[in-house]
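Spelled out from the first residue to the last, the chains are:
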Amino acid sequence: MRKGTGSPTDRKGLRILAEERLRLETNGTAPPLPAEEPLRLIHELQVHQIELEMQNEELTRERDAWQKMEALLGKYSDLYDLAPVGYFNLDRAGVIRAVNLTGTGFLGVVRSLLINQPLAIFIADDSRTIFHDFLHRVFTSRVKETCELAFSQDRLPPLFVQVEAVVSESGEECRAAVIDITLRKRAEEANVRLAALVESSDDAIIAESLNGSIFSWNSGSERMFGYRTDEVMGKQIALLFPPERRDEEERILSRLSSGARIEPFETVRLAKDGRRVEVSVTVSAIRDGAGRIVGASKIVRDISERKRKDEALHDMNSNLERRVAERTEELAGTINNLRNEIVERGKAEEGLRRLNRLHAVLTETNQAIVRTKDRDALFKEFCTIAVRDGSFKLAWVGLVDHDSGALKIVAADGAAGFLEEIKVSAGEELARCGMTEISVHEGTYYICNDFLNSPVTRLWHERGRTHGIRASASIALKQEGRVIGALTLYAGKKDFFDRYQVDLLRQMGADISFALDNFQRETGRKEVERALYEQTVERLLVVEALREKEQMLIQQSRLAAMGEMIGNIAHQWRQPLNLLGLTAQQLLQYYDLGEFDRAFLVENLDKEMGLIQHMSRTIDDFINYFKPDKEKTDFKVQEVISKTLLLLKGGLRNPKITVETVVQGDPSVHGYPNEFAQVLLNLIVNAKDVLTERKIKGPRMTITTSSADGCAVVTVADNGGGVPEEIIDKIFDPYFTTKGPQQGTGIGLFMSKAIIEKNMAGRLTVSNTADGAEFRIEVCHGIGD
Amino acid sequence: MESGTKPMSEVCILLVEDEEAVLGLLATLISKRYPDFELHSANNGRAGLELFQEHAPDIVITDIMMPEMSGTQMVESIREISCGAKIIVITAGTGKPPQEHAAGPEIDHYILKPINFQVLCLAIEECLGDLKREK
């Protein structure tokens, strides 16, 4: 196959080789007979045959070599793929160009997906910089470089690898061999941790070989025994043993060799400075990979401190026991003293109990003071409390009688018999009562602690004996600083009242006196309240009266309005009624004169009916005029004025008032025409009243209608002299009137203003002209609703 | 309808009333009742006073409320001229007592509106009797 030029067996060479071989085969007998053609041909053929044979030989050889190579290649491929090392061909950028099966296994990705991927994407984040540096180093140094990396694999712990790489001949790729060192790494880490543990331990941890030479010595050992590592490495451990314990080591090692377990034990060791260290020792065997015991490790703990504490505790215990014994004796003495004290205390407590009882009385009394409403109730309560809570035999309160100056019992509780007798002897007798008399007189208190023997109580010795009274106390009661009586208490024991009791009793007296003052003040306060209440009632009555007056005014105003209307109707009707009367009377006259005929009767009735119709219309006009408006409408101001004047015609005749109407525009207003008319009526009647009352000569009224700036303006002016300046500000106030009580209510102008300003959003004002008043109504178009 | 008490051949009456319809009716009624009397009528005080000065009537029948000159003013003026003439005032019943209207001049009779013609006739008859006595 490979037989072209350049090969040692090219065509020319082959010919030479073939001719050579032919000459050897014919033993040189083949003479070259150039002249003889057939011979030459045979020769040629022979040579050619040999040539072919030689070619065949070569081909067979080459085929064998090929087959060998094929087998070799297969072997090496397997070797490449199945090697425990991962092989990667990477280019300068770190892109994977080729990878073996182990390599793909490291990355957990099939080969087809790895080719042309940058290896970096499979490298753990913290290793990536190392990888890039490494790749750079490989391509620059061109010698074999090594680094350690971690591959990050999906959902698996990182794979630690060692990478060795060298640039290939082309210089464009490098071949990298990757070895899994995860296990080694783990072991290393575990070792580091273990070493740290050993190193940081406070205990001495020492390893020795079976012949007793030290091969490991931690810092705990250094601290405990004072030897540095370099001082003890390879030395016999025996140097730590005190002389009397040298044999211990031998026993330990022999037991360990036999595979027996050695229980921790306590012993003594020697430090470098000769100090004896009390220790507890734990021994365990060190085995090689095959499980053979090759040494011993010892953990030695310093227990000197613990030992010292144990001793101190023991000392303390014995000390305590001794002291307890001593104390017990002391206590026995103290208890005796206490027993004596208790007896004493019992006596004191009896006094205290009494005091407490009295205190309870005081407290209850104070509550009673708060509770009770008057003096007598308080006294009764006090007596009850004294007997019930204070266990007094008797308690009573006496007050000085104003007239006789004697004491009178107002409240009492307790030993009834004693009281009965006292009651019998009332007034004057009591005044002679020694102790109460003294307390009242002095304005303080008096204590008698031996009731049956005191000269002061001699009048009551017998009664006291009968009722078991042995001591008594009397406290003056005051009201506003003046003594008004006393409260007196009787106890069943001699010397019942001591200094403290007296203090409390005085306190009680003061409290009750305070309460009495309070009652006094309370009474005063109630009086003031009653006066206040009466004032309030009075004021209410005044307000009520005012309201009634107001109601009356409103009623009056209604009546006035009605009267005004009736007056106007009367004016309107008077004339037609007169005519009607005369017309009717004509009938009889004509009849009497014999002039009565049908024609006359028809004419007469026509006149009468005409008058009746007219009168009827007049009433309708008034009714419509005063009918309240239901809703707002647009109305011509001038029409309302005309209607109003028509109604008032009669009223304006006496005295004859000239009414001039000036029309300067024909404005419309949106609002209530009858209310508007009412306002006009008010203004016109007001003007008429003023003109009449002031007896103005040539009374005149001018009503002007005009439009100004989109507003309807109506003025009602008179020549009545005008509104006095001092009241011009008040004339729109309700109930303000200048007229006499029969004529005016003071409501008219107030109502008029309300109608114009509230109901029609207009304005009603007044001003004075040269000879009279001018009221001005302004209502603006479109604003009315 | 007798007029038998008519003592004189001629009695003159002045009627003053501003309301034309009333004036006309009254004039008709009076002239029908007293056809022999001389009757003059005016529709205001001023015209009435002029007629009084001109005819010196025996009886004046007048309204009170009138334009130009009220009945009261006219009566005052008449009294300045004559105290013999009988005066009958027709007054609207305003509720006020008639005396108020009669401040000053002597009024012989008050007739309230609406006029009862019989009452007016009685007043006229009385005036005629008085006139007769005074003569």
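Residues numbered from 1 in each chain as written. Chains lettered and ligands numbered in written order. Predicted model: local features only at pLDDT ≥ 70, side-chain atom pairs only at ≥ 80, totals over all residues.

## Overview of the overall build of chain A
Next, step 1: Across its full length, chain A holds 20 helices and 22 strands.
Next, step 2: Taking all 785 residues of chain A together, 25% fall into the buried category. (Helix = DSSP H or I, 4+ residues; strand = E, 2+ residues; numbered from the N terminus. Buried ≥ 20, exposed ≤ 12 C-beta atoms within 10 Å, placed from the backbone.)

## Observations regarding the overall build of chain B
Next, step 1: Helix and strand counts for chain B come out as five helices and five strands.
Next, step 2: Secondary structure of chain B in N-to-C order comes out as β-α-β-α-β-α-β-α-β-α.
Next, step 3: Within chain B, buried positions represent 39% of all 135 residues.
Next, step 4: For chain B, the proportion of contacts with a sequence separation of at least 24, taken over those separated by at least 6, is 59%. (Contact = placed C-beta atoms within 7 Å.)

## A closer look at the packing of helix H18 (residues 637–648) of chain A against helix H19 (residues 673–693) of chain A
Residue and element names in this part refer to chain A.
Next, step 1: Packing of H18 against H19 brings their axes to within 10 Å, and their N-to-C directions diverge by 50°. The pairing of H18 with H19 is recorded here as oblique in orientation. Pair H18 / H19 crosses with right-handed handedness. Residues Val640, Ile641, Lys643, Thr644 and Leu648 of H18 form the contact with H19, whose own contacting residues are Pro673, Phe676, Ala677, Leu680, Leu681 and Ile684.
Next, step 2: In terms of residue class, the contact of H18 with H19 is made up of nine nonpolar, one polar and one charged. (Axes fitted to C-alpha atoms, helices over the stretch in contact; angles between N-to-C directions. Parallel < 35°, antiparallel > 145°, perpendicular 65-115°, else oblique. Left-handed = near helix turned anticlockwise from the far one by under 90°. Nonpolar A, V, L, I, M, F, W, Y, C, P; charged D, E, K, R; others polar.)

## A few points about the interface of chain A and chain B
Next, step 1: Listed by partner, the interface residues are 16 residues for chain A and 16 residues for chain B.
Next, step 2: Among the residues forming the side of chain A that touches chain B, the class breakdown is four nonpolar, eight polar and four charged.

## Some thoughts on the pairing of strand E3 (residues 59–63) of chain B
Residues and elements named next belong to chain B.
Next, step 1: E3 sits mainly inside the fold: five of its five residues count as buried.
Next, step 2: Because side chains alternate across E3, one face comprises the buried residues Ile59, Ile61 and Asp63, and the other comprises Val60 and Thr62, equally buried.
Next, step 3: Note that strand E1 (residues 12–16) and E3 share four bridges and pair parallel. Within the sheet, the bridge partner assigned to Leu14 lies in E3 and is Val60.
Next, step 4: Here five bridges tie E3 to strand E4 (residues 86–91), and the two strands are oriented parallel to one another. Across the sheet, Asp63 pairs through a bridge with Ile90, a residue of E4.
Next, step 5: Between the parallel pair E3 and E4, the chain is carried across by helix H3 (residues 71–81), and the sense of this crossover is right-handed. (Pairing = 2+ DSSP bridges. Right-handed = clockwise from strand over helix to strand, strands pointing away.)

## Focus on the nonpolar core
Residues and elements named next belong to chain A.
Next, step 1: Phe382, Cys383, Ala386, Phe392, Ala395 and Ile475 are the most contacted members of the largest nonpolar core, which totals 46 residues.
Next, step 2: For this core, the element with the most residues is helix H11 (residues 375–388), which contributes seven residues.
Next, step 3: Listed in part, the 38 residues of the second largest apolar core include Phe676, Val713, Ile731 and Phe775. (Core = buried A, V, L, I, M, F, W, Y, C linked by C-beta atoms within 7 Å.)

## Remarks on the sheet that holds strand E7 (residues 214–217) of chain A
All names here are of chain A.
Next, step 1: In space, the five strands of this open sheet follow the order E7-E6-E10-E9-E8, with antiparallel pairing throughout. In this open sheet, the two strands that pair with only one neighbour each are E7 and strand E8 (265–270). Each strand axis lies, on average, 35° off the axis of its neighbour in the sheet, ignoring direction.
Next, step 2: Where E8 meets strand E9 (residues 276–287), six bridges bridge the pair, whose relative direction is antiparallel. The residue of E9 that forms the bridge with Glu266 is Ser280.
Next, step 3: Sitting on the sheet, helix H9 (residues 247–257) is in contact with E8, E9 and strand E10 (293–302), with an inclination near 130° to E10.

## Notes on the confidence of the model for chain A
All names here are of chain A.
Next, step 1: Model confidence for chain A is summarised by a mean pLDDT of 82, while 91% of its residues fall at 70 or above.
Next, step 2: Throughout residues 1–6 the model reports pLDDT below 50, and contacts reaching past four residues in sequence, or to other chains, amount to five contacts.
Next, step 3: Contacts of residues 423–431 to residues separated by more than four positions or lying in other chains number 13 contacts, the stretch itself having pLDDT below 50. (pLDDT = per-residue confidence, 0-100.)

## Looking at the sheet that holds strand E2 (residues 38–42) of chain B
Residue and element names in this part refer to chain B.
Next, step 1: What the five strands build is an open sheet, ordered E2-E1-E3-E4-E5; its pairing is parallel. Each edge of the sheet is formed by a strand with only one pairing partner; in this case those strands are E2 and strand E5 (109–112). Taking the axes of each pair of neighbouring strands and ignoring which way they run, one obtains an average angle of 15° across the sheet.
Next, step 2: In the packing of H3 onto the sheet, contacts are made with E1, E3 and E4, and the angle to E3 comes to roughly 155°.
Next, step 3: Against the sheet, helix H5 (residues 117–134) contacts E3, E4 and E5, and its axis sits at roughly 165° relative to E4.

## Section: unusual backbone geometry
Next, step 1: Residue Pro114 of chain B follows Lys113 of chain B across a cis peptide bond; omega there is -5°.
Next, step 2: Within the secondary structure, Pro114 of chain B sits in the loop between E5 and H5.
Next, step 3: A positive phi is found at Asn116 of chain A, a non-glycine position, where the angle reads about 70°.
Next, step 4: Mapping Asn116 of chain A onto the fold places it in the loop between helix H4 (111–114) and helix H5 (128–141).

## Quick word on helix H10 (residues 304–371) of chain A
All names here are of chain A.
Next, step 1: With 68 residues, H10 should cover 100 Å at 1.5 Å per step; its first-to-last C-alpha distance of 79 Å lies more than 12% under that length.
Next, step 2: Taking burial as the measure, the 68 residues of H10 include five buried ones, a minor fraction of the element.
Next, step 3: Within H10 the residues assigned to the buried category are Arg354, Leu358, Val361, Thr365 and Ala368. (Expected span 1.5 Å × (residues − 1).)

## A look at the environment of Ser280 of chain A
Residues and elements named next belong to chain A.
Next, step 1: Position of Ser280 among the secondary structure elements: in strand E9.
Next, step 2: By the C-beta count within 10 Å, which is 15 here, Ser280 ends up partly exposed.
Next, step 3: Considering only alpha carbons, one finds Ser280 and Asp302, 22 residues apart in sequence, at a separation of 6.7 Å.
Next, step 4: In this structure, Ser280 is in contact with Pro264, Glu266, Arg301 and Ile303, ignoring residues within four places of it in sequence.

## Structural notes on the pairing of strand E14 (residues 471–479) of chain A
All names here are of chain A.
Next, step 1: Within E14, seven of the nine residues are buried, which leaves it mostly tucked inside the rest of the structure.
Next, step 2: Pairing geometry for strand E13 (residues 445–448) and E14, over four bridges, is antiparallel. Within E14, the position partnered with Ile447 by the bridge is Ala473.
Next, step 3: Taken together, the nine bridges between E14 and strand E15 (residues 482–491) define a ladder with antiparallel strand orientation. In the sheet register, Ala471 faces E15, and the bridge partner there is Ala491.

## Regarding the packing of helix H2 (residues 45–55) of chain B against H3 of chain B
Residues and elements named next belong to chain B.
Next, step 1: Viewed as axis vectors pointing N to C, H2 and H3 meet at an angle of 20°, and their least axial separation amounts to 9 Å. Looking at the two axes, H2 sits roughly parallel to H3. Remark: the crossing between H2 and H3 carries right-handed chirality. Between H2, through Gly45, Gly48, Leu49, Phe52 and Gln53, and H3, the contact on the second element is made entirely by Gly71, Gln73, Met74, Ser77, Ile78 and Ile81.

## As for the environment of Glu660 of chain A
All names here are of chain A.
Next, step 1: Positionally, Glu660 belongs in strand E17 (residues 658–663).
Next, step 2: Classification of Glu660 as exposed rests on a count of 10 C-beta atoms within 10 Å.
Next, step 3: Counting along the chain gives 42 residues from Glu660 to Thr702, while the straight-line C-alpha distance between them is 4.7 Å.
Next, step 4: Residue contacts for Glu660: discarding those within four places in its chain leaves Arg700 and Thr702.

## Here's the deal with the confidence of the model for chain B
Residue and element names in this part refer to chain B.
Next, step 1: Residue-level pLDDT values for chain B average 83, and 84% of them are 70 or greater.
Next, step 2: Low pLDDT, under 50, characterises residues 1–7; the predicted model gives this stretch six contacts beyond four residues in sequence or across chains.
Next, step 3: Scored as a whole, the predicted complex attains pTM 0.36, and scored at its interfaces, ipTM 0.79.

## Notes on helix H6 (residues 182–200) of chain A
Next, step 1: Taking 1.5 Å of rise per residue, 19 residues should cover 27 Å, and H6 of chain A covers 27 Å from first to last C-alpha, within 8% of that figure.
Next, step 2: The element H6 of chain A is barely covered by neighbouring structure, given that only zero of its 19 residues are classed as buried.

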